[in-house]
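Below are the chains, spelled out letter by letter.
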Amino acid sequence: MDTAYSTVAVPTEALDVKHKDMANAIRALSMDAVQKANSGHPGMPMGMADVTTVLATRFLKFDPARPAWPDRDRLVLSAGHGSMLLYALLYLTGYPEMTLEEIKAFRQLGSRTPGHPEVGHTPGVETTTGPLGQGLANAVGMALGERLLNAQYGDDLVDHRTYAIVGDGCLMEGISHEAVSLAGHLQLGKLTVLFDDNDISIDGPTSLAVADDQGQRFAASGWHVQSVDGHDPEAVAAALAAAAADPRPSMIACKTVIGFGAPTKAGTAGAHGAPLGDAEIAGAREKLGWAEEPFVIPEDILRAWREAGTRGAGDSAAWDRRLAARDEAERQGFLDRVEGSLPVAYKEPLEALKRLFAEERPKLATRVSSQKVLEALIPALPGLLGGSADLTGSNGTKTGQHSPVTADDFAGNYIHYGVREHAMGAAMNGLALHGGFVPYGGTFLTFTDYCRPAIRLSALMGQRVVYVMTHDSIGLGEDGPTHQPVEHIASLRAMPNLLVFRPADAIETAECWELAISQESRPSVLALTRQGVPTVRGVDGDNHCAHGAYILMPASSKRQVTLIASGSEIEVALGARERLEAEGIATAVVSMPCWELFLEQPPHYRDEVLGPGVLHVAVEAAVPFGWERWVGLDGGTVGIPGFGASAPGGALYEHFGITAEAVVETVKARL
């Protein structure tokens, strides 16, 4: 049976001297930097030095003088622990910010050479990697982004490849299965994965834990697969050329020796995650024929590398001329897309929709309100790219303005990710990093657990990614505690540089969407209801959610109590206020859709909203963890102490005491 699993039949020959010396420059810098830092992973860079040298000197399209050139090839080091491979490459090819002093400062505070690659910190690094498998899924997103932009702007502006270097660990991680399947399904032919097939993990031989035939696995997902001697440059070159010529995504299994050149540790776990040691490095220098002192690159070898680094300058200049030949509107539109600039006009349909909500005062689930917001936004924001993990109808992420992306048509603007939440989140990071898109994707809030590593990396990398997470509480009802998120909102609020929005009604949903897509350097989570909620306020031209919290309903006289709520529990708080006011207890209701934005407000505003010196009680259909920040030691919380249950949503609110009566009792008990 034809499995599409082939081997490039190129005889192994003696290494070309120039190639050998150039590859050994990577090896030397890697083992020297790790040794100086007394920390790091020398084996992977030493093993993949030959493959990387062939890729960078013969195939990779890049311009060190212009790291952000939109039509550069993307190189993702998914096996981020081998970061010295990438840093050595950046230095040798002439990226101005990657100096020899930076190489010497590997893993030191403030250097451009952190332990794992960090995008934005080091020019030339395309994504932050380290959690294994995430980089592979990022690369899938980048390759998808290239195809989508190409469908809109053509080959003369968008025609580049994405390469990902992965290790055994990346392919053991579950996310790799989702990412490989998605890339094969969409036939992302501009994606090439270079598998460092060295049979070694930290614990020892990979045979301790895995016996997969990776080639057959990729082939089963519709990939073009080859296997080569990773230390034979001509075999590697032939495989890369064959990959570029094939319409399918390609995986090249590069059979390598971890720690290549180390006299006693090569091919063992001893070369994986620790410095080689002075004696082993001395032996490696002798075996490799590298006589230079630590961090010294002979002038002729460095010159050869720098010449390789200039290969893309002509392509870069030619691309500029092609861009200049486009009419002004198209040229500026393209630049706005890749630079992440949003057209000012996108706010107009949002304001119109808010006015309509205020006039009609609908009772809608906020997931439905979100869908109406997207109907208004999509025509005004061509870079807004939607998707869902097989919950499109439930999430409300697809509108009449959407058409699906398929392997045969990349002109669409909606991605059916399938039941692949892990890969969806990481692919959205790749799309955002590629440029040209504001990606959003939906699933149930409880399944942020599946997306969490990608959400964390969105926040760490400062990427504008929107996670549309519906069914946000026990209010989802009968699906029960497996699907009812109780701890998720608190855990997400604990994550740095992440905005967690929980809007109370249709108007707040529109405002939170506006805020999410306007963030240039942080992701957002929109926690949306399954159940209908009433419209609780009007519009006055201000985006009240931008303050994080605001007084939704003031006290009728001098305030004694502040009730604080988010999302669907605003209705509960308003009901409690009505009863308290009727009993002469002056009570204000504060809507707090976003803790993080409220924390960014000046102290006088926070005091004005919360009312210092009064009783504070918070109500949210979730664990109360964290609300102490706002209610203080003397305040109270109305929440859920444990997991939910299977029943209609209204019955669950009564059962768990998320009611106006419970809020009133909590207030009276503390006054």
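Residues numbered from 1 in each chain as written. Predicted model: local features only at pLDDT ≥ 70, side-chain atom pairs only at ≥ 80, totals over all residues. Heavy atoms only, no water.

## Overview of the packing of aromatic side chains
Next up, step 1: In the structure shown here, the tally under the stated rule is 12 aromatic pairs.
Next up, step 2: Arranged with centres 5.6 Å apart and planes meeting at 15°, the rings of Phe447 and Tyr450 form a pair that is stacked.
Next up, step 3: Considering the side-chain rings of Trp595 and Trp630, the 5.9 Å spacing of their centres and the 85° angle between planes classify their relative orientation as edge-to-face. On the criterion of sequence distance, the pair formed by Trp595 in helix α23 (residues 595-599) and Trp630 in helix α25 (residues 628-631) is long-range, its members being 35 residues apart. (Phe/Tyr/Trp six-rings, centres within 6.5 Å; stacked < 30°, edge-to-face > 60°. Helix = DSSP H or I, 4+ residues; strand = E, 2+ residues; numbered from the N terminus.)

## Digging into the environment of Ala220
Next up, step 1: Locating Ala220 in the fold gives a position in helix α9 (residues 214-220).
Next up, step 2: Given a relative accessible area of 69%, Ala220 falls into the exposed group. (Buried < 20%, exposed > 50% of the residue type's maximum accessible area, 1.4 Å probe, protein only.)

## Structural notes on helix α16 (residues 366-377)
Next up, step 1: Here α16 spans 16 Å end to end across 12 residues, near enough to the 16 Å set by a 1.5 Å rise per residue.
Next up, step 2: Those residues of α16 that sit buried are Thr366, Arg367, Ser369, Ser370, Val373, Leu374, Ala376 and Leu377. Buried positions in α16, seen along its axis, are confined to an arc of 165° and lie on one side of it. (Expected span 1.5 Å × (residues − 1). Arc of directions from axis to C-beta.)

## A short note on the packing of helix α13 (residues 313-325) against helix α14 (residues 328-339)
Next up, step 1: Closest axis-to-axis distance for the α13/α14 pair is 7 Å, and the angle between their directions is 125°. With respect to α14, the element α13 is oriented oblique. Contact residues: α13 offers Trp319, Leu323 and Ala324, while α14 offers Arg331, Phe334 and Leu335.
Next up, step 2: Of the residues belonging to the contact of α13 with α14, the class tally is five nonpolar, no polar and one charged. (Axes fitted to C-alpha atoms, helices over the stretch in contact; angles between N-to-C directions. Parallel < 35°, antiparallel > 145°, perpendicular 65-115°, else oblique. Contact = heavy atoms within 4.5 Å. Nonpolar A, V, L, I, M, F, W, Y, C, P; charged D, E, K, R; others polar.)

## Here we look at the layout of surface pockets
Next up, step 1: Of the pockets and cavities examined, the second largest pocket occupies roughly 280 Å³.
Next up, step 2: In terms of lining, the second largest pocket is formed by 15 residues, of which the most central are Glu571, Val572, Gly650, Tyr653 and Ile658.
Next up, step 3: Listed by contribution, the elements that provide at least two residues to the lining of the second largest pocket are β15 (532-533), α22 (569-582), α26 (649-656) and α27 (660-670).
Next up, step 4: With four residues, α26 is the single largest residue contributor to the lining of the second largest pocket.
Next up, step 5: Along the lines of polarity and charge, the residues of the lining of the second largest pocket split into five nonpolar, six polar and four charged. (1 Å grid on protein atoms, 1.4 Å probe; cavity = no way out; pocket = protein on both sides within 12 Å on 5 of 7 lines; lining within 4 Å. Points joined across faces, edges and corners; volume = space filled by probe spheres on them.)

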